[in-house]
Amino acid sequence: MRLKRAKAMMISVLLLFTFFFSNDFGLIDVEKTSIVTAIAIDYENQKYLVTAQVAVPEATDTNTENQKAQLSGKGNTVGEAIKDLGDLSGWFPKLAFCNLIILGNGLKDQNVVRILDYFAKTLRLQDSALVALADKNAKEILSLSTPLDNISSFAIQKILFKASGFDNDVARTDIKTFCAGYYSPNSSGFMPIIKVISADSGSGNEGEKADNSSSSSSQKNQTSQGSNSDSNNLFDARTTALFKDGKMVGELSPDLTVAFNAINTSIAGTSLAVKNVPYNDQECNYLLTVLNDKNSIKVKATENDVEVNISLSLFCKVSDVDATDSGQSLSANLPLSKPLIEKTKTMLVNNITQLINTSVQTGCDFLKIKEKLYRFNYSKYSLYKDNFLSKLKVKIDADVRGQR
């Protein structure tokens, strides 16, 4: 028995050595392999322009910062452009570590699945890589730097993959999810829009962000293009692009993006700004933090309409208030006042109603109502499959509770 075990171990060791020495060292040679961290895709002159951001480790005794490099290739298809990228540079593009694909603004009117299908079917790239739409040229996004990270793709991934404790205000999606939505009965999808704002002015409100984005873009064009010395840029991904049949048909504002996440995922840890709440003969602005939440979307088809019941329950605490009475913010367990609860409920119901209206106006079923109709009400599916958005009867139940 011991002899058989010894022979088995020896055979296993020999097999491991065989796999090791028979490996293709030409592909893992660091001098010939480029580690791609992100890919930007644009459409110029009837061809696809693929730009790959490559992490180049150049740590020395005096410099511990990783430098970045960009490689570009063109082709009639995305695969051809990536092949051209390697042929021109002499580096083999290693896509196994690529976690981000940015589509240029010029592709929003095309069927983007023609691009993403290549990445969904190839084994060279993981299908969990994030997909985002740039509000400008995608190559330009990769060329920018931020005050905290020299590699723009890492900075973008940080705002898409926010850790626990940050606001869940980004509707992120990956290649697999987006393509699955396209081939599903609702043929709809979404992805975040990457915008550039000035690091000096911060995020601000939606109008200020748009002004900051345009001013930052003009300043960037006036300075040396692609220079890493100008790192006065931050990225904002709180606006969501909606897609129907692979083409962009609308947007969700940052507030609607939070409402969308609230009824689809969990927004625990997210802060909600509630304005103009009556308090002691004045109106105050509150900042609530969601401690726990529950949500559900149920679809039921009848002979006359499609009933959609949306339920949302939030357990919140007061994080800040601009009341003149400072004692309001010093209390450890501040209960929610009745006016504050009613104001928050009204805000949530209005935002969810806007989500439904946006879905009806754009034809984008990002709430997956048709999919639920197909899965749970198949007997009525043929009756409403072509006009279910016009037959919606929506009931929204929002509940807000606080500390006692």
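Remember, predicted model here, so these are calculated numbers, not experimental data.

K.L.:
Which residues make up the pairing of strand 11 (residues 282-301), and what values go with them?
P.N.:
Taken together, the seven bridges between strand 10 (residues 271-279) and strand 11 define a ladder with antiparallel strand orientation. When the sheet's bridge partners are listed, Val-274 is paired in strand 11 with Tyr-286. With antiparallel pairing between neighbouring strands as the criterion, strand 10 and strand 11 make up a hairpin whose turn holds two residues, including Asn-280 at a positive phi of roughly 50 degrees. One ladder, built from 15 bridges, connects strand 11 with strand 12 (residues 306-321); its direction is antiparallel. Residue pairing across strands places Ser-296 opposite Ser-311, the latter belonging to strand 12.

K.L.:
I'd love a proper account of helix 9 (residues 254-264), names of residues and values included.
P.N.:
Here helix 9 lies mainly inside the structure; nine of its eleven residues are buried. For helix 9, the set of buried residues is Pro-254, Leu-256, Thr-257, Val-258, Ala-259, Phe-260, Asn-261, Ala-262 and Ile-263.

K.L.:
Hey, could you go over the pairing of strand 5 (residues 100-103) for me, with residue numbers and the actual values?
P.N.:
The alternating pattern of strand 5 places Leu-100 and Ile-102 on one face and Ile-101 and Leu-103 on the opposite face, and all of these are buried. When strand 5 meets strand 6 (residues 130-134), the two strands line up parallel, connected through four bridges. The residue of strand 6 that forms the bridge with Ile-101 is Val-131. A crossover connection joins strand 5 to the parallel strand 6 through helix 4 (residues 113-121); in handedness this β-α-β unit is right-handed.

K.L.:
Explain the packing of helix 4 against helix 7 (residues 175-183) residue by residue, including any values.
P.N.:
Viewed as axis vectors pointing N to C, helix 4 and helix 7 meet at an angle of 125 degrees, and their least axial separation amounts to 10 Å. As far as their axial angle goes, helix 7 and helix 4 are oblique. For the pair helix 4 and helix 7, the sense of crossing is left-handed. Contacts from Val-113, Leu-116, Asp-117, Phe-119 and Ala-120 of helix 4 reach helix 7 at Ile-175, Phe-178, Cys-179, Tyr-182 and Tyr-183. For the contact of helix 4 with helix 7, the class distribution of residues is nine nonpolar, no polar and one charged.

K.L.:
Any details on the sheet that holds strand 12? Residues and values, ideally.
P.N.:
The strand order 10-11-12-13 describes an open sheet built from four strands, whose pairing is mixed. The outermost strands of the open sheet, each flanked by one partner alone, are strand 10 and strand 13 (392-402). The average undirected angle you get between the axes of adjacent strands in this sheet is 35 degrees. Strand contacts of helix 9: strand 10, strand 11 and strand 12, with the helix running at about 50 degrees to strand 11, the strand carrying the most contacts. Each of strand 10, strand 11, strand 12 and strand 13 touches helix 11 (residues 338-362); the most contacted strand, strand 13, lies at about 150 degrees to it.

K.L.:
Go over the pattern of salt bridges, please, and point to the residues and values.
P.N.:
Under the counting rule described, the total for this entry stands at eight salt bridges. Measuring nitrogen to oxygen at the nearest pair gives 3.8 Å for the salt bridge that ties Lys-121 to Asp-117. Here the residue Lys-121 and the residue Asp-117 both occupy positions in helix 4, the gap between them amounting to four residues, near one helical turn. With relative accessibility at 16%, the residue Asp-117 sits in the buried group.

K.L.:
Can you break down the packing of aromatic side chains residue by residue, with the values?
P.N.:
What characterises a pair of aromatic rings is the spacing of the ring centres plus the angle enclosed by the ring planes. For the coordinates displayed, the defined rule picks out nine aromatic pairs. For the pair Tyr-182 and Tyr-183, a centre-to-centre distance of 4.9 Å together with 85 degrees between the ring planes defines the contact as edge-to-face. A ring pair is formed by Tyr-378 and Tyr-381, whose centres lie 6.1 Å apart and whose planes are at 10 degrees; its orientation type is stacked. With a relative accessible area of 12%, Tyr-381 lands in the buried category. Among the aromatic residues, those joined into a cluster by ring pairs are Phe-190, Phe-260 and Phe-366.

About the thresholds
- Residues numbered from 1 in each chain as written.
- Predicted model: local features only at pLDDT ≥ 70, side-chain atom pairs only at ≥ 80, totals over all residues.
- Heavy atoms only, no water.
- Pairing = 2+ DSSP bridges.
- Helix = DSSP H or I, 4+ residues; strand = E, 2+ residues; numbered from the N terminus.
- Buried < 20%, exposed > 50% of the residue type's maximum accessible area, 1.4 Å probe, protein only.
- Right-handed = clockwise from strand over helix to strand, strands pointing away.
- Axes fitted to C-alpha atoms, helices over the stretch in contact; angles between N-to-C directions.
- Parallel < 35°, antiparallel > 145°, perpendicular 65-115°, else oblique.
- Left-handed = near helix turned anticlockwise from the far one by under 90°.
- Contact = heavy atoms within 4.5 Å.
- Nonpolar A, V, L, I, M, F, W, Y, C, P; charged D, E, K, R; others polar.
- Salt bridge = Lys/Arg side-chain N within 4 Å of Asp/Glu carboxyl O.
- Phe/Tyr/Trp six-rings, centres within 6.5 Å; stacked < 30°, edge-to-face > 60°.

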